[in-house]
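Spelled out, the chains give:
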Amino acid sequence: LLGLLSPSRTSVAGRESGIVRYITMIKRKVGRMFLATCVGSFFILILYFQNISRSASEQVSGQTSFPVKSGRSPLQTLQENDQLDHSAVQATLQGRRELLEETCRTHTHKRRVLSPEDLRHLIVDDKHKLLYCYVPKVACTNWKRVMMVLTGDGRYHEPLAIPANEAHVAGNLRSLSEYSTSEINKRLRTYLKFIFVREPFERLVSAYRNKFTRSYNTAFHKRYGTKIIQRHRVDPQSEALEKGNDVSFEEFVYYLVDPQTQREEPFNEHWERVHSLCHPCLIHYDVVGKYETLPDDSRYVLKVAGADGEAKFPTSSKSTRTTGDMAAKFFDNISPFYQKKLFNLYRMDFLLFNYSLPAYLKLS
């Protein structure tokens, strides 16, 4: 009876052998798991430090990185990048946008509804979801060329291969004013809106030099030059009245500040104020580029639009462009009285886009 109730030595030894094998198996599994964990952690650490190194090098070089995500619009990319990117270009553009909004709040008391006429200068790129408000004498020819490449469905490849006059042909690019009200509102709400501006008096002198001192601009001489000479020149010669091709900068200034000028018709777009062309207090521009930082700002817009592989903004090789020193010389013969009148005319552009009062002005 006792023999039946007590376990045999053989059965005990078998159970002990099974337990040892089981423990050994567990140890091996744990060892393999531990080894796999170590290897995985090692690779994660390598990727982490590579990412930190890449971010640091991009910040040092001033480049902007954009995480890739399919189906994301340029506006979404910009909004996400505001949170993620800390490059110098991004910080500058964000500061301009905030200053513009603050200035609009301070100086705009009445808001009005935009009309189709207000939207004529906004060029639409439906493929990349972009709206560009072009301002004459602020690299707008090159920007129109770039937009033709982006919207041309393969017809254009190199911006500078497009003749300058072709870039300004009506119908080559679509204006926002051509869309229905619902389509306009949708694009204003969801597309990336950008604008390029320039120091107001440099832009004004550039417009004068291009339209009134170049012999080939006979249409401007006839259209505006004859009128300016007739109204603001004492004892004009008959040839000047007929051709209008020798308008002085002083006469041009007199024409601009004359109240009768704007009562007759709006300013020509080449010397119209930016706030009247692009309505930055009614349209929320996501990027405010500047002529003074044109290469960096243009590269940023194309990058955030995901179009930097399709078109490069042309680099300017012109040595004749209007500078601040050149503008100062044109103002030498303008009296303080007319300098002040002219500054008041363009004052909002100075304020909205944070341009300081030119040192050469004598307003007192």
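Since the structure is predicted, the reported quantities are computational estimates derived from the model, not experimental observations.

Definitions and cut-offs
- Residues numbered from 1 in each chain as written.
- Predicted model: local features only at pLDDT ≥ 70, side-chain atom pairs only at ≥ 80, totals over all residues.
- Heavy atoms only, no water.
- Helix = DSSP H or I, 4+ residues; strand = E, 2+ residues; numbered from the N terminus.
- Buried < 20%, exposed > 50% of the residue type's maximum accessible area, 1.4 Å probe, protein only.
- Areas by Shrake-Rupley, 256 points an atom, 1.4 Å probe, with all protein chains shown as cover.
- Axes fitted to C-alpha atoms, helices over the stretch in contact; angles between N-to-C directions.
- Parallel < 35°, antiparallel > 145°, perpendicular 65-115°, else oblique.
- Left-handed = near helix turned anticlockwise from the far one by under 90°.
- Contact = heavy atoms within 4.5 Å.
- Nonpolar A, V, L, I, M, F, W, Y, C, P; charged D, E, K, R; others polar.
- Pairing = 2+ DSSP bridges.
- Disulfide = S-S within 2.5 Å.
- Expected span 1.5 Å × (residues − 1).
- Arc of directions from axis to C-beta.
- Core = buried A, V, L, I, M, F, W, Y, C linked by side-chain atoms within 4.5 Å.
- Bend = angle between axes of the 7 residues up to and from the residue.

**Regarding the overall build of the chain**
Reasoning step 1: Broken down by element type, the chain carries 17 helices and 5 strands.
Reasoning step 2: A total of 364 residues make up the chain; the buried ones form 43% of that total.
Reasoning step 3: When the accessible area of the chain is evaluated, it comes to approximately 21,100 Å², of which 55% is carbon and sulfur surface.

**Describing the packing of helix H11 (residues 249-257) against helix H16 (residues 336-345)**
If you want to describe how two helices pack, look at the angle between their axes and the distance between the axes.
Reasoning step 1: Packing of H11 against H16 brings their axes to within 10 Å, and their N-to-C directions diverge by 55 degrees. In terms of axis orientation, H11 runs oblique to H16. Read as a crossing pair, H11 and H16 show a hand that is left-handed. Counted together, Val253, Tyr254, Leu256 and Val257 of H11 and Tyr338, Lys341, Leu342 and Leu345 of H16 form the full contact between these two elements.
Reasoning step 2: Class assignment for the residues of the contact of H11 with H16 results in 7 nonpolar, no polar and 1 charged.

**Focus: the pairing of strand E4 (residues 192-197)**
Reasoning step 1: Across the 6 residues of E4, 6 count as buried, placing the element largely inside the fold.
Reasoning step 2: Residues Leu192, Phe194 and Phe196 line one face of E4 and the alternating positions Lys193, Ile195 and Val197 line the opposite face, and both faces are buried.
Reasoning step 3: Examined bridge by bridge, strand E2 (residues 130-133) and E4 share 4 bridges and lie parallel to one another. Across the sheet, residue Leu130 finds its bridge partner in E4, namely Leu192.
Reasoning step 4: Here E4 runs beside strand E5 (residues 287-290); their pairing, made up of 4 bridges, is parallel. Its bridge partner being in E5, Val197 is matched across the sheet by Lys290.

**A closer look at the sheet that holds E2**
Reasoning step 1: Within the open sheet, the 5 strands sit side by side as E3-E1-E2-E4-E5. Their pairing is mixed. Either end of the sheet is taken by a strand with one partner, and the two such strands are strand E3 (174-175) and E5.
Reasoning step 2: Here 2 bridges tie strand E1 (residues 122-125) to E3, and the two strands are oriented antiparallel to one another. Bridging from a neighbouring strand, Ile123 pairs with Ser175 of E3.
Reasoning step 3: Those strands touched by helix H5 (residues 140-151) are E1, E2 and E4, and its axis lies near 25 degrees from that of E1.

**With respect to the packing of H5 against helix H14 (residues 294-304)**
Reasoning step 1: Viewed as axis vectors pointing N to C, H5 and H14 meet at an angle of 20 degrees, and their least axial separation amounts to 13 Å. Judged by the inter-axis angle, H5 sits roughly parallel to H14. Seen from above, H5 lies across H14 with right-handed handedness. Counted together, Trp143, Val146 and Leu150 of H5 and Leu294, Ser298, Val301 and Leu302 of H14 form the full contact between these two elements.
Reasoning step 2: Per-class residue counts for the contact of H5 with H14 are 6 nonpolar, 1 polar and no charged.

**Remarks on unusual backbone geometry**
Reasoning step 1: Its identity is not glycine, yet Lys137 carries a phi of approximately 70 degrees, on the positive side.
Reasoning step 2: By the secondary structure assignment, Lys137 is in the loop between E2 and H5.
Reasoning step 3: Owing to a relative accessible area of 21%, Lys137 belongs among the partly exposed residues under this scheme.
Reasoning step 4: Positioned with a positive phi, Asp153 is a non-glycine residue whose angle comes to about 50 degrees.
Reasoning step 5: Of note, Asp153 is situated in the loop between H5 and helix H6 (164-167).
Reasoning step 6: Its relative accessible area of 73% is what places Asp153 among the exposed residues.

**Concerning the state of the cysteines**
Reasoning step 1: Summed over the entire model, instances satisfying the criterion amount to 2 disulfides.
Reasoning step 2: One disulfide bridge connects Cys133 with Cys278, the sulfur atoms lying 1.9 Å from each other. Around the S-S axis, the bridge from Cys133 to Cys278 shows a dihedral of about -90 degrees and counts as left-handed. Here Cys133 is found in strand E2, whereas its partner Cys278 is found in helix H13 (residues 274-278), with 145 residues between them in sequence. Each member of the pair Cys133 and Cys278 is classed as buried.

**Let's talk about helix H4 (residues 88-107)**
Reasoning step 1: With 20 residues, H4 ought to run about 28 Å at 1.5 Å a step, and its terminal C-alpha atoms sit 29 Å apart, in line with that.
Reasoning step 2: For H4, the complete set of buried residues consists of Val89, Gln90, Leu93, Arg96, Arg97, Leu100, Thr103 and Cys104. Buried residues of H4 fall within an arc of 165 degrees about the axis and therefore sit on the same side. H4 presents Ala88 and Arg105 as exposed residues on the side facing more than 90 degrees away from its buried surface.

**A closer look at the nonpolar core**
For soluble globular proteins, nonpolar side chains are generally found buried alongside one another.
Reasoning step 1: Ranked by internal contacts, the top residues of the largest apolar core, which has 91 residues, are Trp143, Phe201, Phe252, Leu256, Trp271, Leu342 and Tyr346.
Reasoning step 2: With 7 residues, the single largest contributor to this core is H5.
Reasoning step 3: The contacts of Trp271, once residues within four sequence positions are left out, are Arg203, Leu204, Lys211, Phe212, Phe220, Tyr224, Phe252, Tyr255, Leu256 and Tyr346.

**A short note on helix H9 (residues 218-232)**
Reasoning step 1: When the terminal C-alpha atoms of H9 are compared, their 19 Å separation across 15 residues agrees well with the 21 Å that a helix rising 1.5 Å per residue should span.
Reasoning step 2: Along H9, the sharpest change in direction is near 40 degrees and occurs at Gly225.
Reasoning step 3: Among the residues making up H9, those that are buried are Phe220, His221, Tyr224, Gly225, Thr226, Ile228, Ile229 and His232.
Reasoning step 4: Where the residues of H9 are buried, they touch helix H8 (200-212), helix H10 (238-243) and H11.

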